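# Inside the fold
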Amino acid sequence: MDAETLLVVGSGPAGVSAARAYREAGGAGPVRLLSADADPPYERPPLSKEFLRGEADLPPLDDSLADLDITVTLGDPVTELGDGRVRTAAGAVHPFTTCVLATGAEPVRPELPGADHPDVRTLRSAADSRELRAAATGVRSAIVVGAGFIGCEAAVSLSRLGLQVTVVCPDDVPQEKRLGREAGRFLLRWLKSEGVSVLRGTKLLSVEGGHRVRTDLVPVLDAGLVVLATGIRPRIELAEAAGLAVERSRIRTDEHLRTSRDGVLAAGDVALAHNPAAGRALAVEHWGEGLAMGEVAGRTAAGEDATWDAVPGFWSVVGERVLKYAAWGDGFDRAHAFPRDDGGFTFWYERDGRAVGVLTHEADEDYERGADLIRRGAPVPVS
């Protein structure tokens, strides 16, 4: 190769952000982005909300890639990562001097009887969302297994499409382990206000025929549609086969997003990156963090001394209600609740006397100051 070549594997927020940041940092070599997805890079948050409901098209993730002389190849997954080159499923070989792995994650189907039935839906891509919308047409009811943010958002969207929706929630309230019991009660009330039924403390046992669910609480639930929102699995197969250091089912990187192999970086869901502000490696699955980590990887590839030291955060929209959350994401000792008269609230999360997270609804001022308090390890505010 006559010039340095940047190769980005993945067209989600981390991959697109890396390609763009490389150019913005002065990277002048050829840039190629390879994607297994057949759709051009798109905004993913609407997949469980307005796009699923058919209310809006998917906005492009970045409509200036061609202007930045970034070549995008779609629908041809990378199957092999070698020394200075990759090979795709179609047999194409692409050389590189620097590679950013932004391969993202895929939905997890629990290892239970019937969970792999072709009629059982998951939601991760534009194709998934289109198929789910089509499957919802002409049926009267749906079961959503899992009460994480994707499960809650999809349940509300399906309810708004006119389906009778039941959420199978493994905890007493949605998101109890991540957000605490009291915050989970708000989510529970919001779901019920949208006409969604919630089976609390319920464990999925099997799926029969793609439309019938067995649980430990209710022997049989029958519905026209079953959706699994049971978590994601980082796509680390390329990295593992290439011998990169992998830890906690993710690609281990330093704070500059460099992996154990020279010339290879990783960003987004697939990375377990050291965060110097946190003082430890963090696994994050947030859209905004994919953008942030991708920018660091791209600037690192261009030769800058870029560091990922931000506090991870994301927004979730449940119906019309917006939740904003920032946290290190690896646990807390105590949650402090501050409800507001206008229906908003703030939860401050504390560990060892320090702020480690904040969750807000209609309290933007707390969300905005929260990241700074968390980053500094300051005490939790008393009001």
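All figures in this text were calculated on a predicted structure; none of them were measured in a lab.

## Digging into the sheet that holds strand 18 (residues 250-253)
Pairing is mixed across the open sheet formed by four strands, whose spatial order is 17-18-20-21. Only two strands of the sheet have a single partner each, and these edge strands are strand 17 (246-247) and strand 21 (280-283). Pairing of strand 18 with strand 20 (residues 271-275) involves three bridges; the strand directions are parallel. Bridging across to strand 20, Arg 252 finds its partner in Leu 272.

## Concerning the pairing of strand 5 (residues 85-88)
Along strand 5, the buried face is formed by Val 86 and Thr 88; none of Arg 85 and Arg 87, which line the opposite face, is buried. Bridge analysis of strand 4 (residues 78-82) against strand 5 gives four bridges, and the strand direction is antiparallel. Residue Glu 80 lies in a different strand from strand 5, and its bridge partner there is Arg 87. Hairpin connection between strand 4 and strand 5: a loop of two residues separates the two successive antiparallel strands, and Gly 84 in this loop has a positive phi of roughly 75°.

## Here we look at the packing of aromatic side chains
What the rule picks out here adds up to eight aromatic pairs. Aromatic rings pair up to connect Phe 149, Phe 314, Tyr 325, Phe 332 and Tyr 349 into one cluster. Stacked on the ring of Phe 51, the Lys or Arg Arg 133 has its end atom at 4.7 Å from the ring centre. Lying over the aromatic face of Trp 315, Lys 324 brings its terminal NZ or CZ to 3.8 Å of the ring centre.

## A few points about the side chain of Ser 17
Along the chain, Ser 17 falls in helix 1 (residues 13-24). In this structure Ser 17 comes out as buried when scored by relative accessible area, which is 12%. Of note is the side chain of Ser 17, whose polar atom sits 2.7 Å from the backbone oxygen of Leu 291. With residues near it in sequence (within four places) discarded, Ser 17 still touches Gly 290, Leu 291, Gly 294 and Glu 295.

## Some thoughts on the side chain of Ser 64
Secondary-structure assignment places Ser 64 in the loop between strand 2 (31-34) and strand 3 (70-73). Take Ser 64: its relative accessible area is 15%, and that puts it in the buried class. Reaching out from Ser 64, the side chain makes a polar contact with the side chain of Arg 20 at a distance of 2.5 Å. A polar atom in the side chain of Ser 64 sits 2.6 Å from the side chain of Asp 62.

## Remarks on the pattern of salt bridges
Enumeration according to the criterion identifies 36 salt bridges in this entry. Where Arg 299 meets Glu 24, a salt bridge forms, and the shortest distance between an N and an O atom there is 3.8 Å. Here Arg 299 is found in helix 7 (residues 287-301), whereas its partner Glu 24 is found in helix 1, with 275 residues between them in sequence. In this structure, the salt-bridge partner of Arg 181 is Glu 176, at a minimum N-O distance of 3.0 Å. What makes Arg 181 partly exposed here is its relative accessible area of 38%. If you follow the salt bridges from partner to partner, you end up with Arg 20, Glu 24, Asp 62, Glu 295, Arg 299 and Glu 304 in one network.

## A look at the UniProt feature "domain: FAD/NAD(P)-binding" (unreviewed entry) in the protein
Summarizing the sequence annotation, UniProt attributes the feature "domain: FAD/NAD(P)-binding" (unreviewed entry) to residues 6-277 in the numbering used throughout. Within residues 6-277, the helical portion is 21% and the strand portion 28%, while the C-alpha atoms at the span's ends are 28 Å from each other.

## Section: the environment of Gly 84
Here Gly 84 is to be found in the loop between strand 4 and strand 5. For the pair formed by Gly 84 and Asp 262, sequence separation is 178 residues and the distance between their alpha carbons is 9.9 Å. Gly 84 has contacts with His 94, Pro 95 and Phe 96, leaving out every residue within four places of it along the chain.

## Considerations on the packing of helix 1 against helix 7
One way to put it is that helix 1 packs onto helix 7 with a least axis distance of 6 Å and a crossing angle of 35°. Of the two elements, helix 1 crosses helix 7, and the hand of that crossing is right-handed. Along the contact surface, helix 1 presents Pro 13, Ala 14, Ser 17, Ala 18, Ala 21, Tyr 22 and Glu 24, while helix 7 presents Trp 287, Gly 290, Leu 291, Gly 294, Glu 295, Ala 297, Gly 298, Arg 299 and Ala 301. Residue composition of the contact of helix 1 with helix 7, by class: nine nonpolar, four polar and three charged.

Reading the values: the criteria
- Residues numbered from 1 in each chain as written.
- Predicted model: local features only at pLDDT ≥ 70, side-chain atom pairs only at ≥ 80, totals over all residues.
- Heavy atoms only, no water.
- Pairing = 2+ DSSP bridges.
- Helix = DSSP H or I, 4+ residues; strand = E, 2+ residues; numbered from the N terminus.
- Buried < 20%, exposed > 50% of the residue type's maximum accessible area, 1.4 Å probe, protein only.
- Phe/Tyr/Trp six-rings, centres within 6.5 Å; stacked < 30°, edge-to-face > 60°.
- Lys NZ or Arg CZ within 6 Å of the ring centre and 35° of its normal.
- Polar contact = N/O pair within 3.5 Å; in protein donor to acceptor, adjacent residues only side chain to side chain.
- Contact = heavy atoms within 4.5 Å.
- Salt bridge = Lys/Arg side-chain N within 4 Å of Asp/Glu carboxyl O.
- UniProt positions renumbered as here; feature names shortened; annotations may be inferred.
- Axes fitted to C-alpha atoms, helices over the stretch in contact; angles between N-to-C directions.
- Left-handed = near helix turned anticlockwise from the far one by under 90°.
- Nonpolar A, V, L, I, M, F, W, Y, C, P; charged D, E, K, R; others polar.

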